[in-house]
Amino acid sequence: MAQTLKPFISERRLAARVRALGRAIRADYRGRELVLVGILKGSFIFMADLARAIAIPLTCDFLRVSSYGSGTVSAGKIRMEFDLSHPVRGKDVVVVEDIVDTGLT
């Protein structure tokens, strides 16, 4: 039997919050070399929406890290599965993560 899920946050409210975050980041980083770094795989759709909302020149890159392996509980060690494709030294970096649970990433 299919179960219908009720949204916790409406699409409209979420879009408004993303626009507000975009305005705040734009104000803080205007004229600077900004890089959004998304933690794959969960952040990519939100990061795309956020990048559009920031509306200043920026670049995007991605990391894929894991601390779970095949389990559902963190092993406490981070394994780098996919590293950044370009150096970020000297640039302003905003890390975009979907769920922060252990804080290890």
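Residues numbered from 1 in each chain as written. Predicted model: local features only at pLDDT ≥ 70, side-chain atom pairs only at ≥ 80, totals over all residues. Heavy atoms only, no water.

Draft legend 1. Focus on the overall build of the protein chain. When you go through the protein chain residue by residue, the secondary structure sums to 2 helices and 4 strands. When the helices and strands of the protein chain are listed from N to C terminus, the series reads α-β-α-β-β-β. Taking all 105 residues of the protein chain together, the buried fraction comes to 24%. Total accessible area on the protein chain stands at roughly 8000 Å², and carbon and sulfur atoms take up 56% of it. (Helix = DSSP H or I, 4+ residues; strand = E, 2+ residues; numbered from the N terminus. Buried < 20%, exposed > 50% of the residue type's maximum accessible area, 1.4 Å probe, protein only. Areas by Shrake-Rupley, 256 points an atom, 1.4 Å probe, with all protein chains shown as cover.)

Draft legend 2. Structural view of the packing of helix α1 (residues 11-29) against helix α2 (residues 44-54). Contact pair α1 / α2: the axes reach a minimum separation of 8 Å and the direction vectors enclose 55°. Considered as vectors, α1 and α2 are oriented oblique to each other. Where α1 crosses over α2, the handedness of that crossing is right-handed. For the pair α1 and α2, the contacting residues are Val18, Arg19, Leu21, Gly22, Arg23, Ile25 and Arg26 in the first and Phe46, Asp49, Leu50, Ala53 and Ile54 in the second. (Axes fitted to C-alpha atoms, helices over the stretch in contact; angles between N-to-C directions. Parallel < 35°, antiparallel > 145°, perpendicular 65-115°, else oblique. Left-handed = near helix turned anticlockwise from the far one by under 90°. Contact = heavy atoms within 4.5 Å.)

Draft legend 3. Seen up close, the environment of lysine 41. On the secondary structure map, lysine 41 appears in the loop between β1 (34-40) and α2. Separated by 21 residues in the primary sequence, lysine 41 and phenylalanine 62 have C-alpha atoms spaced 8.9 Å apart.

Draft legend 4. How the structure looks around the nonpolar core. The biggest cluster of nonpolar side chains holds 11 residues, and these are Ile25, Tyr29, Leu34, Leu36, Met47, Leu50, Ala51, Ile54, Ile56, Val94 and Val96. Elements supplying a minimum of two residues to this core: α1, β1, α2 and β4 (92-96). A total of 4 residues in this core trace back to one element, the largest contributor, which is α2. Beyond its immediate stretch of four places on either side in the chain, leucine 50 contacts Val18, Leu21, Gly22, Ile25 and Val96. Judged by nonpolar contacts, the second largest core, of 5 residues, contains Val35, Val37, Ile39 and Val65. (Core = buried A, V, L, I, M, F, W, Y, C linked by side-chain atoms within 4.5 Å.)

Draft legend 5. Layout of α2. The complete set of buried residues in α2 reads Met47, Leu50, Ala51, Ala53 and Ile54. Considered in projection along α2, the buried side chains sweep an arc of 160° and stay on one side of the axis. Across from the buried face of α2, at angles greater than 90 degrees, the exposed residues are Ile45 and Arg52. The secondary structure elements touched by the buried residues of α2 are α1, β1, β2 (58-66) and β4. (Arc of directions from axis to C-beta.)

Draft legend 6. Highlighting the pattern of salt bridges. In this structure the tally under the stated criterion is 3 salt bridges. Lysine 91 is paired through a salt bridge with glutamate 33; the nearest N and O atoms lie 3.6 Å apart. One end of the pair, lysine 91, is in the loop between β3 (79-82) and β4; the other, glutamate 33, is in the loop between α1 and β1, and 58 residues separate them in sequence. Assessed through its relative accessible area of 29%, lysine 91 is described here as partly exposed. Under the relative-accessibility criterion, glutamate 33 is labelled partly exposed at 48%. (Salt bridge = Lys/Arg side-chain N within 4 Å of Asp/Glu carboxyl O.)

Limitation: the analysis is restricted to geometry and does not speak to function.
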